[in-house]
Amino acid sequence: MGVSRHFLGVLVGILVGVVLSYCYFKIFFESQSPGRYTPERHCDAIPKIITSPEGLVYKQTRVLEPQRRDVLTVTPWLAPIVWEGTFDPLIIDSIYKPLNVTIATTVFAVGKYIRFLKGFLESAEKHYLVGFRVHYYVFTDQPGEVPRVSLGPGRNLTAIRVPKFDRWQEISLRRMEIIRKTIEEQIRREARYIYCLDVDMFFHERVGAEVLGELVAALHPWFYYFDRDQFTYERRLASAAYVPQGQGDFYYQAAVFGGLVDDVYRLVKTCEENLVVDKRNDIEAAWQEESHLNKYLIRHKPTKLLSPEYIWDDKRQHVNEIKVIRFSTLYKNLAEVRDN
């Protein structure tokens, strides 16, 4: 009996050692792989100790006096939802500006959509992360038509040629692939954050450091008050973007998403892979890359959500919960600007 117990103890010790060794080497090799999360990659992008300049004067926050009672301001997984009144611009900017981070910002201006680029850039220079280092990456089939816009200090623009596709849906389907490749080839070396925006939009008011986070998604302005079973998720089982009834948190719009470069890289890479699976199976998700983005964000919860203030639609009438429109989709004749 003593020998059996001794043998059993040795065996358990060996198994524990094997498991611990496996975990150690798995963590080590994953930390060395590109695109993997490592604390070192995040250390200078997210402040470990939140500090602001000494002597900064601002209104006291009171626990029993919430600024907003009319809207949800935090998700069930404790991610903040950014609305007017839920943050102090003075405090949030004073925390992030000393980090001197660069925010990559991608936008596609293909075909007739090139006409929206000038208004997008000019309004961005007035309202979008003003005082921060921003690098615009403009994907276009007409690099020579990119307008000359006066950029602020520390702000740059790179035009990258992409093909002009026969169908507007193809641009949407290829978007994740193009962003993924550009992160690998360029953005990862140049920026800590990346935000992917649509070009047919206009900045009206401040969009500042309050949008910065690890993985950030925006609530769709047409669906944020709907029941989840009314969301326009992909409902066909054959698609890799399939979401069954009864699942999902919110419906996110693909016109605005972003976060830390590595986190966004994982999102676009996964969406691209699933888009390839769908293409192989001769199926196209209901809303192209937006359907795949929503599927991804059900499992990989965003760490911060932007309210519809940050992705309004000019066709929508005013509603009481929207105190300020910061960024909105322009009203346009889709049949005229789309080639098919």
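Look up a bit, the structure's there.
Source: prediction; values computed, not measured. (Residues numbered from 1 in each chain as written. Predicted model: local features only at pLDDT ≥ 70, side-chain atom pairs only at ≥ 80, totals over all residues. Heavy atoms only, no water.)

Trainee: Sorry, what's going on with the sheet that holds strand β11 (residues 327-329) here?
Mentor: Two pairing modes exist for strands in a sheet, parallel and antiparallel, and in both the strands are linked by backbone hydrogen bonds. An order of β6-β11-β10 is seen for the three strands of this open sheet, with the pairing classed as mixed. Each end of this open sheet is capped by a strand with a single partner; those strands are β6 (201-203) and β10 (312-313). Summarising the sheet, β6 and β11 pair through three bridges and their orientation is antiparallel. The residue of β11 that forms the bridge with phenylalanine 203 is phenylalanine 327. Helix-sheet contacts for helix α4 (residues 117-127) involve β6 and β11, and the interaxial angle to β6 is about 25°. (Pairing = 2+ DSSP bridges. Helix = DSSP H or I, 4+ residues; strand = E, 2+ residues; numbered from the N terminus. Contact = heavy atoms within 4.5 Å. Axes fitted to C-alpha atoms, helices over the stretch in contact; angles between N-to-C directions.)

Trainee: Would you mind going over a nonpolar patch on the surface with me for this structure?
Mentor: On the surface, Trp222, Tyr225 and Phe226 cluster together into a nonpolar patch covering about 270 Å² of accessible area. Judged by its relative accessible area of 30%, phenylalanine 226 is partly exposed. (Patch = residues over 30% accessible without salt bridge, like charges linked within 9 Å, V, L, I, M, F, W, Y side chains within 5 Å. Areas by Shrake-Rupley, 256 points an atom, 1.4 Å probe, with all protein chains shown as cover. Salt bridge = Lys/Arg side-chain N within 4 Å of Asp/Glu carboxyl O. Buried < 20%, exposed > 50% of the residue type's maximum accessible area, 1.4 Å probe, protein only.)

Trainee: Could you clarify how one ought to interpret the side chain of serine 291 in this entry?
Mentor: Here serine 291 shows up in helix α7 (residues 288-299). The class for serine 291 is buried, based on a relative accessible area of 3%. Those residues within four positions of serine 291 in sequence are excluded, and the remaining contacts are Glu234, Ala241, Ala285 and Ala286.

Trainee: Can you walk me through the pairing of strand β2 (residues 102-109) in this structure?
Mentor: The side chains of a regular strand alternate between the sheet's two faces. A large share of β2 lies buried, amounting to eight of its eight residues. The two faces of β2 match: Thr102, Ala104, Thr106 and Phe108 on one face and Ile103, Thr105, Val107 and Ala109 on the other face are all buried. When β2 meets strand β3 (residues 133-140), the two strands line up parallel, connected through eight bridges. Note on β3: the bridge partner recorded for isoleucine 103 is valine 134. For the crossover from β2 across α4 to β3, the handedness is right-handed. Alignment of β2 against strand β5 (residues 193-197), held across four bridges, turns out to be parallel. Its bridge partner lying in β5, alanine 104 is registered against isoleucine 194. (Right-handed = clockwise from strand over helix to strand, strands pointing away.)

Trainee: I'm lost on the packing of aromatic side chains in this one. Help?
Mentor: To describe a pair of aromatic rings, one takes the distance between the centres and the angle between the planes. All told, the structure shown has 15 aromatic pairs when counted by the stated rule. Aromatic ring contacts, followed pair by pair, group Phe223, Tyr224, Tyr225, Phe226, Phe231, Tyr233 and Tyr251 into a single cluster. Seen from the ring of tyrosine 265, arginine 188 lies directly overhead, with NZ or CZ sitting 4.5 Å from the centre. Over the aromatic face of tryptophan 222 sits the side chain of arginine 316, whose NZ or CZ is 5.3 Å from the ring centroid. (Phe/Tyr/Trp six-rings, centres within 6.5 Å; stacked < 30°, edge-to-face > 60°. Lys NZ or Arg CZ within 6 Å of the ring centre and 35° of its normal.)

Trainee: Help me understand the packing of helix α6 (residues 261-280) against α7 in this model?
Mentor: Packed helices, taken two at a time, are described by their axes: the angle between them and the distance between them. Following both chains from N to C, one finds α6 and α7 inclined at 120°, their axes separated by 9 Å at the closest point. Overall, the two elements α6 and α7 adopt an arrangement that is oblique. Both α6 and α7 take part in a crossing whose hand is right-handed. Touching Asp263, Arg266, Leu267, Thr270, Cys271, Asn274, Leu275 and Asp278 of α6 are Gln288, Glu289, His292, Leu293, Tyr296 and Leu297, all from α7. (Parallel < 35°, antiparallel > 145°, perpendicular 65-115°, else oblique. Left-handed = near helix turned anticlockwise from the far one by under 90°.)

Trainee: Just to check I follow, could you spell out unusual backbone geometry for this structure?
Mentor: Excluding glycine, residues mostly carry a negative phi; peptide bonds, for their part, are mostly trans. Positioned with a positive phi, asparagine 100 is a non-glycine residue whose angle comes to about 55°. Mapped onto the secondary structure, asparagine 100 falls in the loop between α3 (89-96) and β2.

Trainee: How should I be thinking about the environment of serine 291 in this particular structure?
Mentor: In this structure, the C-alpha to C-alpha distance between serine 291 and tyrosine 252, residues 39 residues apart in sequence, is 9.1 Å. Only 2.9 Å separates the side chain of serine 291 from the backbone nitrogen of tryptophan 287, close enough to count as a polar contact. (Polar contact = N/O pair within 3.5 Å; in protein donor to acceptor, adjacent residues only side chain to side chain.)

Trainee: Explain the pairing of strand β8 (residues 252-260) here, please?
Mentor: Here β8 lies mainly inside the structure; nine of its nine residues are buried. The pairing of β5 with β8 spans five bridges and is antiparallel. Bridge pairing in β8 links tyrosine 193 to leucine 260. Strand direction decides the pairing type here: strand β7 (residues 215-219) and β8, joined by four bridges, are antiparallel. Residue leucine 219 lies in a different strand from β8, and its bridge partner there is tyrosine 252.

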